[in-house]
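Survey of secondary and tertiary structure
Listed below, chain by chain, are the residues.
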Amino acid sequence: MNAITIGPLFLPLDRFIFLIAAILLFTVNTLLERRHKLSGSGLWIALAAGFGIGRLVHVVQYWPAYQSAPWEALYLWQGGYQVWSGLIAALLSGFAWSRWHKQPIPIIIAPLVSGFVLWWGLMLAFGTNNVGAERHLPKIAVQNINGATLSVADLKGQATVINLWATWCGPCRREMPTFQRTQEQWPDIRFVFANQGEDADTVSRFMKEHKLMLNNVVLDTRGELMNEFESRGLPTTLFYDASGRLVAQEAGEMSAGRLSQYLSELSP
């Protein structure tokens, strides 16, 4: 399972885990504030420092991925944070706030630690990189724009990224320029863009209207790849090594840096 669906809502699993951890964090903070009869503890300052520093370190680390479109560094919903830098920044700023305002230090530190421990544990157990049993490129037939049929299993022999998408999917459309730039920056990795459930005319028209030059656009008209990998929504991105083994699966829109992070681990 790589995502949670609640009615029409599609929520990638890592975002859902973050939401659960955030609920615990603010619950612990509220209980401590009431216990000590405080109207505010500066938790938001600590969180802002943590997320800000965590994002900044991530962007600097993967700057080549952002260099041609630096504004994408502000797309915070796409993910991409350096966890330990962010945690240290949050703890230090929380400690400094508590000392400056002469408040009990645990009022900020305890919520941060409890939320982080829950998030870390759930990510280790259920995170989106947990692909479960060993899986390989499936024997599923797809078609290219011109109607020629090919088997996904034949992609074995080169590290491959398969992006499942559709023209009606907003997050898919937003991340397409990122994928277009990335495929040029990583020529040793094959990128395949498997449209789910649409016909060739719809896909061709979309590509032309948005001036997209994507490699290996194929049609999975029956959505077999989504069924094969139990994908609950789009976009979903699959990462295979050269032997055809699935090494990671990511649900939801990805940042340029996050994508580069995966490719760094995948690249021979």
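Residues numbered from 1 in each chain as written. Predicted model: local features only at pLDDT ≥ 70, side-chain atom pairs only at ≥ 80, totals over all residues. Heavy atoms only, no water.

Along strand S5 (residues 160–165), 6 of the 6 residues are buried, which leaves the element largely enclosed by surrounding structure. Here S5 shows no split at all, with Thr160, Ile162 and Leu164 on one side and Val161, Asn163 and Trp165 on the other all buried. In terms of strand pairing, S5 meets strand S6 (residues 190–196) through 6 bridges, oriented parallel. Within the sheet, the bridge partner assigned to asparagine 163 lies in S6 and is phenylalanine 193. Taken together, S5, helix H6 (residues 170–185) and S6 form a β-α-β motif whose crossover is right-handed. Here 5 bridges tie S5 to strand S8 (residues 236–240), and the two strands are oriented antiparallel to one another. Within S8, the residue paired with valine 161 across the bridge is phenylalanine 239. (Buried < 20%, exposed > 50% of the residue type's maximum accessible area, 1.4 Å probe, protein only. Helix = DSSP H or I, 4+ residues; strand = E, 2+ residues; numbered from the N terminus. Pairing = 2+ DSSP bridges. Right-handed = clockwise from strand over helix to strand, strands pointing away.)

Counted according to the given criterion, the structure contains 7 salt bridges. Close ionic contact of arginine 135 with glutamate 228 constitutes a salt bridge, the shortest N to O distance being 3.7 Å. Here arginine 135, found in the loop between helix H5 (106–126) and strand S3 (141–144), pairs with glutamate 228, found in helix H8 (residues 224–228); they are 93 residues apart in sequence, far enough to count as distant. For arginine 135, a relative accessible area of 25% translates into the label partly exposed. The partner of arginine 258 in a salt bridge is glutamate 250, and the shortest N-O contact between them spans 3.8 Å. Overall, the relative accessible area of 18% leaves arginine 258 in the buried class. Assessed through its relative accessible area of 1%, glutamate 250 is described here as buried. (Salt bridge = Lys/Arg side-chain N within 4 Å of Asp/Glu carboxyl O.)

With that out of the way, let us pick up the sheet that holds S6. What holds strands together in a sheet is hydrogen bonding between their backbones, with the strands either parallel or antiparallel. Across the sheet, which stays open at both edges, the 7 strands sit in the order S4-S3-S7-S6-S5-S8-S9 with mixed pairing between neighbours. Only two strands of the sheet have a single partner each, and these edge strands are strand S4 (149–151) and strand S9 (246–251). For this sheet, the mean inter-axis angle between neighbouring strands, taken without regard to orientation, is 30°. By the bridge criterion, 4 bridges tie S6 to strand S7 (residues 217–220) in an arrangement that is parallel. Note that in S7 the partner of glutamine 196 across the bridge is aspartate 220. In the packing of helix H9 (residues 256–266) onto the sheet, the strands contacted are S5, S6, S8 and S9, and the crossing angle to S8 comes to about 20°. (Axes fitted to C-alpha atoms, helices over the stretch in contact; angles between N-to-C directions. Contact = heavy atoms within 4.5 Å.)

By themselves these figures say nothing about function.
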